[in-house]
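So you can see what is in the structure, the chains are spelled out below.
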Amino acid sequence: MSVIVAPSVLSADFANLQRDVEMLNNSEAEWIHIDVMDGSFVPNISFGFPVLQAVRKHTTKFCDVHLMIVQPERYISQFRDAGADMITVHYEAVTHLDSVIHQVKKTGAMAGVALNPATPVAALKEVVHLLDLVLIMSVNPGFGGQKFIPYATGKVREVKKMILDSGAKCQIEVDGGVGLNNAKELIDAGADVLVAGNAVFASESPAQTIRQIKFAAAK
Ligand code: DX5
Ligand code: ZN
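Here's what I pulled together on the structure shown here. (Residues numbered from 1 in each chain as written. Chains lettered and ligands numbered in written order. Predicted model: local features only at pLDDT ≥ 70, side-chain atom pairs only at ≥ 80, totals over all residues. Heavy atoms only, no water.)

1. Focus on the side chain of D64
Rules: Helix numbers and strand numbers start at the N terminus; a helix is a DSSP run of H or I with at least 4 residues, a strand a run of E with at least 2. Buried, partly exposed and exposed residues are distinguished by accessible area as a fraction of the type maximum, computed with a 1.4 Å probe on protein chains only: under 20%, between the cut-offs, and over 50%, respectively. His is not counted here, nor are the chain ends, while Lys and Arg score as positive and Asp and Glu score as negative. We define a salt bridge as a side-chain nitrogen of Lys or Arg found within 4 Å of a carboxyl oxygen belonging to Asp or Glu. In what follows, residue pairs with any heavy atoms lying within 4.5 Å of each other are defined as contacts.
Inspection of the secondary structure puts D64 in strand β3 (residues 62-68). No salt bridge is formed by the buried D64. Its closest oppositely charged neighbour is R56, at 11 Å. Aside from chain neighbours lying at most four places away, what touches D64 is A6, W31, I32, H33, I34, M86, T88, L133 and E173.

2. Side note on the site of ligand 1
Cut-off, in case you're wondering: Nearness of a residue to a molecule or strand requires only that one of the residue's heavy atoms be within 4 Å of it. Any pair of nitrogen or oxygen atoms within 3.5 Å is treated as a polar contact; in protein, a donor-acceptor pairing is required on top of that, and neighbouring residues in sequence qualify only through side-chain atoms on both sides. Per-residue accessibility takes into account occlusion by the displayed protein chains alone, with areas from the Shrake-Rupley method and a 1.4 Å probe.
Lining the immediate surroundings of ligand 1 are 20 residues, of which D35, G142, G145, D175 and G197 lie closest. In this structure, an oxygen atom belonging to ligand 1 sits 2.7 Å away from a main-chain N or O atom of G145. Here an oxygen atom of ligand 1 sits 2.8 Å away from a polar atom, N or O, in the main chain of G197. Against a free-state accessible area of 380 Å², the protein chains account for coverage of 99% of ligand 1.

3. Quick notes on the coordination of the zinc ion (ligand 2)
Put simply, the test is: Note on donors: an N, O or S atom is included if it sits within 2.8 Å of the metal, or within 3.2 Å for Na, K and Ca, and water is never included, so sites can look incomplete. For four-coordinate sites, all angles between 85 and 135 degrees define a tetrahedron; for four- and six-coordinate sites, opposite donors beyond 155 degrees with the remaining angles between 65 and 115 define square planar and octahedral shapes respectively, and all other cases count as irregular.
Of the protein atoms, only H33 (NE2), D35 (OD), H66 (ND1) and D175 (OD) coordinate the zinc ion (ligand 2), at distances of 2.0 to 2.3 Å. For the zinc ion (ligand 2), the 6 donor atoms in the first shell make angles of 69 to 170° at the metal, a pattern classed as octahedral. For D175, a relative accessible area of 8% puts it in the buried group.

4. Points about unusual backbone geometry
One non-glycine residue with positive phi stands out, namely Q71, at about 45°. The topology assignment puts Q71 in the loop between β3 and α3 (76-81). A relative accessible area of 41% places Q71 in the partly exposed class.

5. Details of the layout of surface pockets
Test applied: Points on a 1 Å grid, built from protein atoms alone, make a cavity when a 1.4 Å probe fits but cannot get out and make a pocket when they are open with protein on both sides within 12 Å along at least 5 of 7 lines; residues with an atom within 4 Å of a point are the lining residues. Grid points are joined across faces, edges and corners, and a volume is the space filled by probe spheres set on the points.
Its volume calculated, the largest pocket comes out at about 270 Å³. Looking at the largest pocket, it is lined by 24 residues, and the ones nearest its centre are F143, G144, G145, G176 and G177. At the level of secondary structure, the elements contributing two or more residues to the lining of the largest pocket comprise β2 (31-37), β3, β8 (193-196) and α7 (198-201).

6. Side note on the sheet that holds strand β7 (residues 171-175)
Pairing between the strands of a sheet comes from backbone hydrogen bonds, and it takes one of two forms, parallel or antiparallel. How we decide: DSSP-based pairing: two strands are paired if at least 2 bridges between them are found. For every element, the axis is a line fit to its C-alpha atoms; helices are fit only across the contacting stretch, and the angle between N-to-C directions ranges from 0 to 180 degrees.
Judged by pairing direction, the sheet is parallel, and its 8 strands sit side by side in the order β1-β8-β7-β6-β5-β4-β3-β2 without closing on themselves. Edge positions in the open sheet fall to β1 (4-7) and β2, since each of these has one partner strand only. Pairwise comparison of adjacent strand axes, ignoring direction, gives a mean angle of 25° for this sheet. Relative to β3, β2 runs parallel, the two sharing 7 bridges. Bridge pairing in β3 links D35 to H66.

7. Thoughts on the packing of aromatic side chains
Note the following rule: When two rings of Phe, Tyr or Trp (its six-membered ring) have centres within 6.5 Å they constitute a pair, described as stacked for plane angles under 30 degrees, edge-to-face for angles over 60, and tilted for the intermediate range. By definition, being over a ring means that NZ of Lys or CZ of Arg is both within 6 Å of the ring centre and within 35 degrees of the ring normal.
A full pass over the atoms with the stated rule returns 4 aromatic pairs. On the basis of an interplanar angle of 45° and a centroid distance of 4.5 Å, the ring pair of F49 and F79 is categorised as tilted. Of this pair, F49 sits in helix α2 (residues 49-57) while F79 sits in helix α3; the two residues are 30 residues apart in sequence, bridging distant segments of the chain. Look at F79 and you get buried, because its relative accessible area is 3%. Taken together, F49, Y75 and F79 form an aromatic cluster joined through their ring pairs. Above the face of the F215 ring, K214 is positioned so that its terminal group lies 5.7 Å from the ring centre.

Written out as structure tokens, the structure is:
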């Protein structure tokens, strides 16, 4: 059994972005995770369209865009045009979630919704059948390199049950503090995609770490 690994370029070296994207191209990571932060929904500002375009220019991997911004509906088509394959908005940042999900799908991108650690899984009960991805945040969003919040694993189990009960075809992604120490428990709980920033880019051999996370459940 293996998962999709989605390294987060938030932890890449931006002065050597092409080099780091090429490393990912040559690795077993299937997705590249792009963290967009606006300094309002989260206390940090990361990057926007030009960085996504630059990544897109150098990769054919699946670009997984995580929008940590208020009113993301203002920018959906621009993120699609900049190269997003998946667009994930935060439940907490949106008033009319059903409408935003349809807006994302209309662009041709896949649609995801992220839940902050304190937001209950049940918040997605009515829309899970519309989604391609549920993102369970396992840190409070805003920064790379934070400590994994253990109760996130229980939320992965809950969302897995919700998906199975509803017959939805939807993947589960976990984001924040994920690495070799918790990959197996998350895969066992039902995770399909693991985001890893610090664990990959701070390791001595990022490509090897990606491989180890990918096959963590096989052990
Ligand atoms: C946190 C971001 C994450 C982050 C993950 O707000 O959404 O994607 O970059 O980084 P690590 O794996 O270092 O926790
Ligand atoms: Zn993220």
